[in-house]
Amino acid sequence: MPTWTVYILRCSDGSLYTGITTNLEARLAKHNDGTGAKYTRSKRPVHLVWSERKRNEGNARKREAALKKLTKREKETLVIKKLRSKSERGQP
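A quick note: this is a predicted structure, and the numbers were derived from the prediction, not measured.

Definitions and limits used
- All chains use their own residue numbering, which begins from 1 and follows the written sequence.
- Local features in a predicted model are, by the rule used here, given only for residues with pLDDT of at least 70; side-chain atom pairs are given and counted only at 80 or more, and totals for whole chains, interfaces and linings are based on all residues.
- Water and hydrogen atoms play no part in the side-chain values, which are based on all heavy atoms of the structure.
- The secondary structure listing takes helices from DSSP runs of H or I that are at least 4 residues long and strands from runs of E that are at least 2 residues long, numbered from the N terminus.
- Within these notes, the globule rule equals 2.2 Å times the number of residues to the 0.38 power, and the radius of gyration is based on C-alpha atoms.
- Classification of ring pairs uses Phe, Tyr and Trp, with its six-membered ring standing for Trp, and accepts pairs whose centres are within 6.5 Å; under 30 degrees between planes counts as stacked, over 60 as edge-to-face, and the remaining range as tilted.
- Relative accessibility decides the category of a residue: with a 1.4 Å probe and only protein chains considered, values under 20% of the type maximum give buried, values over 50% give exposed, and everything between is partly exposed.
- Look at NZ for Lys and CZ for Arg. If either is within 6 Å of the ring centre and within 35 degrees of the ring normal, a charge sits over the ring.
- By the convention used here, residues are in contact when the closest approach between their heavy atoms is within 4.5 Å.

### Some remarks on the overall build of the protein
Here is step 1: Looking only at helices and strands, one finds four helices and three strands in the protein.
Here is step 2: Tracing the protein from N to C terminus, the helices and strands come up as β-β-α-α-β-α-α.
Here is step 3: Computed over the C-alpha atoms, the radius of gyration of the protein is 13 Å, within 12% of the 12 Å expected from 2.2 N^0.38 for a compact globule of 92 residues.
Here is step 4: For the protein, the C-alpha atoms occupy an extent of roughly 35 × 35 × 25 Å along the three principal directions.

### Comments concerning the packing of aromatic side chains
Here is step 1: Inspection of every chain in the model, using the stated rule, returns two aromatic pairs.
Here is step 2: Here the aromatic rings of Tyr7 and Tyr17 are separated by 6.4 Å at their centres, their planes lie at 45°, and the arrangement is tilted. Here Tyr7 is found in strand S1 (residues 4–10), whereas its partner Tyr17 is found in strand S2 (residues 16–21), with ten residues between them in sequence.
Here is step 3: You can call Tyr17 buried: its relative accessible area is 16%.
Here is step 4: Where Tyr17 meets Tyr39, the ring centres are 6.1 Å apart and the plane angle is 20°; that geometry is what we call stacked. Residue Tyr17 is located in strand S2, and its partner Tyr39 is located in helix H2 (residues 38–41); the two are separated by 22 residues in the primary sequence.
Here is step 5: Ring pairs connect the aromatic residues Tyr7, Tyr17 and Tyr39, which therefore count as one cluster.
Here is step 6: A cation sits over an aromatic face here: Lys43 above Tyr39, 4.8 Å from the ring centre.

### A closer look at the environment of Leu48
Here is step 1: Mapped onto the elements of the fold, Leu48 is located in strand S3 (residues 47–54).
Here is step 2: On the accessibility criterion, Leu48 (36% relative accessible area) is partly exposed.
Here is step 3: For the pair Leu48 and Tyr7, spaced 41 residues apart in sequence, the C-alpha to C-alpha distance is 7.3 Å.
Here is step 4: Leave out the neighbours within four places in its chain, and Leu48 touches Tyr7, Ile8, Leu9, Leu24 and Leu28.

Below you can see the structure in the form of structure tokens.
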């Protein structure tokens, strides 16, 4: 059973895109080569700024839906918290 990842990308125009996948590295590559989501095709390059693993597709879809309801400011807060957490653990 694959692990699902919910992710947020920052697009070249500063906007944020939220999605789910079972292979984050491959999905990010698709977004950046123009074969990912229609939204990101004209906003390349995109960069991963936040991710969270889920045990199954249902949980990933629920989290994705909840994130998509957040304002950009609320999503930015999630990104900042993730960066701070990584920094405190000494991760790049």
